[in-house]
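# Results of the structural survey
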Amino acid sequence: MSGAEQFPAAVYAETVLAVNFADAQRYFLEALLEIHYAHTLMLARQGIIPVTVAQKCLEGLDSLDRAELARARFDGQYEDLFFYVEGALERACGAENSGHMHTARSRNDIDITQYRMRLRRELLDLIAAGNDVRRVLLAMAQAHVATIMPGYTHTQPAQPTTLAHYLMAVVEMLGRDERRLQAAFATVNRNPLGACAITTTGFPIDRHFTTELLGFEGLQLNSYGAIAATDYVTETAGAIATCMVNLGKVTQDFLLWCTVEFGFLRLADSWVQISSIMPQKRNPVAFEHARILASKALGHSQSVLIASHNTPFGDIVDSEDDLQPLVFTMTAEALRALRLFAGIMPNCEVNVARMAERANADFLSVTELADTLVRSEGLPFREAHHIVSAAVRELRGRYSPEAMVDAVLSANALRTPRAVLLRALDPTNFIKVRRIPGGPAVEPMRDAMQGAEGEIAETRDWLTSKAELLAGCQTRIAKERQSLFA
């Protein structure tokens, strides 16, 4: 190998630097420029650089052609986008001015700051999309409080419930996903700027000032951890993974419900595809796409965790340029899955009659028959269970309420009226008596829906406040410039 070779080697430039340059343009250019503004204003405010120099630097930033920066091609002259922009600033305001901008900072803390600034926006989009799914499912539940359906355990019919009960379980589950994503946002939205390479600086910088300007909600305090820790990414990946697992479970159910064998749901024509050969086919591909998008996001989240696993606790490229695009692929696929799911659901036709038919079959209400024997006969539940179980076995799968009651009465001396036993087998009664919190009866469902409405509104307000915080970055920078140069 020739000792005259210079950095970067051609293959390294092609396979690493050119790719990372394009990724940085796509994901971080806006954040990088905002960091330049905020840091320069802070240096001037602290008296670390002259105000006149800061003003020339800021004017140089103003003069940069954003569109040109975004479409620039990597040519090997500059190692990365940071140095490319630094070169553009030297040409705009002179190296004697722009060189002051890098006082008391490093690419290390700049990189982590811009990663967090992009990721926090992704999280807001995901939380908004998840909240929209909750809103859509809540509206559907409110329309189906009285829609009786079978509940399933071990993939087998278990007990009668309502479609509202099922949907509110999903709304509640997605609410937990929402809170996990909000917690991830709180972790992400902390400012590492000022950590410099890893030990801060001897210059009297004001980290709280850049925190305020850039819309962070606190410091990522310890400078070593600000550079070394990747839990802001892994926490986000974990929250997204859990959300996608949950979404996938529900999507799988709905795909089954769309089958002819179930017949519970029917998608509108705009959401199904026909076969190229079979004229009768109505393929519910929208749900299939939602399922695979959720699975892809889950897969990317696991890739993020694996890429971060067993890496040193320090500045390392494993958690930088090559990891970040994977993070944003994960968030993009998760967002697609949530948005698609929210779009599908209002276009589902519920086969109420088919659901009721299945809820009235297969011995689904016999738990309440055993409960009735406990109440009316004073039996221990286990004995009542044995009586009902024996009757189920006697009928050999041929269920009818009348036959069930006949089997129970013929084998046991009971004082409970036949009408009471028959009512116990009515799915409507089964649901009506389950009035405790969390049950499918109207009263607990009404309470759950009111609670969900409040949570959805709270999240909507939270999103508005966070969006305003982030959107105010340029306004805060402009106000500080006006104050500094007045």
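Our subject is the structure listed above.
Each chain carries its own residue numbering, running from 1 in the direction its sequence is written. The predicted nature of this model means local features are confined to residues of pLDDT at least 70 and side-chain atom pairs, given and counted, to a pLDDT of 80 or more, with totals for whole chains, interfaces and linings taken over all residues. Hydrogens and water are ignored here; the side-chain numbers use all heavy atoms of the structure.

What follows is about the overall build of the chain. Helix and strand content of the chain: 20 helices and 4 strands. Taken over C-alpha atoms, the radius of gyration is set against a globule rule of 2.2 Å times the number of residues to the power 0.38. The C-alpha atoms of the chain give 31 Å as radius of gyration, which overshoots the globular expectation for 486 residues (23 Å, by more than 25%). For the chain, the spread of C-alpha atoms along the three principal axes comes to 100 × 50 × 40 Å. Using a 1.4 Å probe on the protein chains alone, a residue whose accessible area is under 20% of its type maximum counts as buried, one over 50% counts as exposed, and one in between counts as partly exposed. A buried classification covers 51% of the 486 residues belonging to the chain. Contacts are residue-level and defined by heavy atoms, with any inter-residue pair within 4.5 Å sufficient. Taking the contacts inside the chain whose residues are at least 6 apart along the sequence as the reference set, 77% of them involve residues at least 24 apart. When the accessible surface of the chain is split by element, carbon and sulfur atoms take 53% of a total near 22900 Å². Charge counting follows a simple rule: Lys and Arg are positive, Asp and Glu are negative, and His as well as the terminal groups are ignored. Throughout, a charge is located at the NZ atom of Lys, the CZ atom of Arg, the CG atom of Asp or the CD atom of Glu. Side chains of the chain carry 47 positive and 57 negative charges; the gap between the two charge centres is 7 Å. For helices the rule is a DSSP run of H or I covering at least 4 residues; for strands it is a run of E covering at least 2, with both sets numbered from the N terminus onward. Calculation of accessible area relied on Shrake-Rupley with a 1.4 Å probe; when residues are assessed, cover is drawn exclusively from the protein chains displayed.

The next thing to look at is helix 4 (residues 81-93). The end-to-end C-alpha distance of helix 4 is 18 Å, a good match for the 18 Å that 13 residues give at a rise of 1.5 Å each. Within helix 4 the residues assigned to the buried category are L81, F82, Y84, V85, G87, A88, L89 and C93. Pairing of N or O atoms within 3.5 Å defines a polar contact, subject to two protein rules: one partner must be a possible hydrogen donor and the other a possible acceptor, and residues neighboring in sequence count only if both atoms are side-chain atoms. Near the N-terminus of helix 4, the side chain that reaches the backbone nitrogen of F82, with its oxygen 3.2 Å away, is that of D80. Directly after helix 4, the chain includes G94, whose backbone phi takes a positive value near 90°. To estimate the expected span of a helix, subtract one from its residue number and multiply by 1.5 Å.

Cis geometry marks the peptide bond from F7 to P8; its omega dihedral reads 0°. On the secondary structure map, P8 appears in the segment before helix 1 (10-45).

Should DSSP find at least two bridges between two strands, the strands are regarded as paired. Pairing of strand 1 (residues 148-153) with strand 2 (residues 156-162) involves 6 bridges; the strand directions are antiparallel. Each residue of the ladder has a partner; that of G151, found in strand 2, is Q159. The turn joining strand 1 and strand 2, which pair antiparallel and follow one another in sequence, is formed by 2 residues; a positive phi near 55° is taken by H154.

Turning our attention to the environment of A229. For A229, the location among the structural elements is in the loop between helix 9 (223-228) and helix 10 (231-257). Relative accessible area serves as the criterion here: at 14%, A229 is assigned to the buried category. Spatially, the C-alpha atom of A229 lies 11 Å from that of T187, the residues being 42 residues apart in sequence.

Look at helix 10 against helix 11 (residues 285-308): their axes get within 8 Å of each other, and the N-to-C directions meet at 155°. Of the possible angle classes, the one that applies to helix 10 and helix 11 is roughly antiparallel. The way helix 10 lies across helix 11 gives a crossing that is left-handed. Packed against helix 10, whose contacting residues are V233, T234, A237, A241, M244, V245, L247, T251, Q252, F254 and L255, the element helix 11 presents F287, E288, A290, R291, A294, A297, L298, S301, Q302, V304, L305 and S308 at the interface. A fitted line through C-alpha atoms serves as each axis, taken over the contacting stretch for helices, and the angle formed by two N-to-C directions is quoted from 0 to 180°. An angle below 35 degrees is read as roughly parallel, one above 145 as roughly antiparallel, one from 65 to 115 as roughly perpendicular, and any other as oblique. Crossings are sorted by hand: turned counterclockwise from the far helix by less than a right angle, the near helix makes the crossing left-handed, and turned clockwise it makes it right-handed.

This paragraph deals with the packing of aromatic side chains. A pair of aromatic rings is counted whenever rings of Phe, Tyr or Trp (Trp by its six-membered ring) have centres within 6.5 Å, and the orientation is called stacked for planes under 30 degrees apart, edge-to-face for over 60 and tilted otherwise. Inspection of every chain in the model, using the stated rule, returns 21 aromatic pairs. Taken together, the ring pairs in this structure connect Y152, Y166, F254, W257, F262, F264, F287 and F341 into an aromatic cluster. Whether a charge lies above a ring is judged from NZ of Lys or CZ of Arg, which has to be within 6 Å of the ring centre and within 35 degrees of the ring normal. The ring of F328 carries R118 above its face, with NZ or CZ at 5.5 Å from the centroid.

Okay, the nonpolar core next. Definition used in this section: a nonpolar core is a set of buried Ala, Val, Leu, Ile, Met, Phe, Trp, Tyr and Cys residues joined via side-chain atoms within 4.5 Å. Formed by 126 residues in total, the largest nonpolar core has its most connected members in M244, F254 and F287. The leading source of residues in this core is helix 1, at 18 residues. When sequence neighbours within four positions are dropped, the list of residues in contact with M244 reads A294, A297, L298, A334, A337 and L338.

It is worth spelling out the pattern of salt bridges at this point. Throughout this description, the term salt bridge denotes a Lys or Arg side-chain nitrogen within 4 Å of a carboxyl oxygen of Asp or Glu. For the structure shown, the criterion picks out 23 salt bridges. Among the ionic pairs, E178 bridges to R134, the shortest N-O distance being 3.3 Å. Placement of the pair is E178 in helix 7 (residues 163-188) and R134 in helix 6 (residues 107-142), with a sequence separation of 44 residues. Pair check on accessibility: E178 and R134 agree, each one buried. In this structure, R179 and E455 form a salt bridge, with 3.9 Å as the shortest nitrogen-oxygen distance. Taken together, the residues span a long stretch of sequence, with R179 in helix 7 and E455 in helix 19 (residues 442-471) at a distance of 276 residues. Through salt bridges with shared partners, one network takes in R134, E178, R179 and E455.

This part takes up the packing of helix 1 against helix 12 (residues 324-344). Interhelical geometry of helix 1 versus helix 12 gives an angle of 55° and a closest axis separation of 10 Å. Classified by the interaxial angle, the pair formed by helix 1 and helix 12 is oblique. Here the hand of the crossing between helix 1 and helix 12 comes out left-handed. Along its contact with helix 1, which presents D23, Y27 and F28, the element helix 12 presents Q324, P325 and F328.

Our next topic: the environment of S275. Among the secondary structure elements, S275 is positioned in the loop between strand 3 (265-267) and helix 11. Of the residues examined, S275 reaches a relative accessible area of 14% and is grouped as buried. Taking C-alpha positions, S275 is 31 Å from L167, a pair spaced 108 residues apart along the chain. Those residues in contact with S275, other than ones at most four positions away along the chain, are K281 and N283. There is a polar contact of 3.0 Å between the side chain of S275 and the backbone nitrogen of I277.

Time to look at the state of the cysteines. Disulfides are defined as cysteine sulfur pairs within 2.5 Å. The full count for this structure, using the stated rule, is 0 disulfides. Cysteine C57 is unpaired, with the sulfur of C93 as its nearest cysteine sulfur at 4.6 Å. For C57, a relative accessible area of 0% translates into the label buried. In this model C243 remains outside any disulfide bridge; the closest cysteine sulfur is found in C348, 18 Å from its own. Residue C243 is classed as buried on the basis of its relative accessible area, which comes to 4%.

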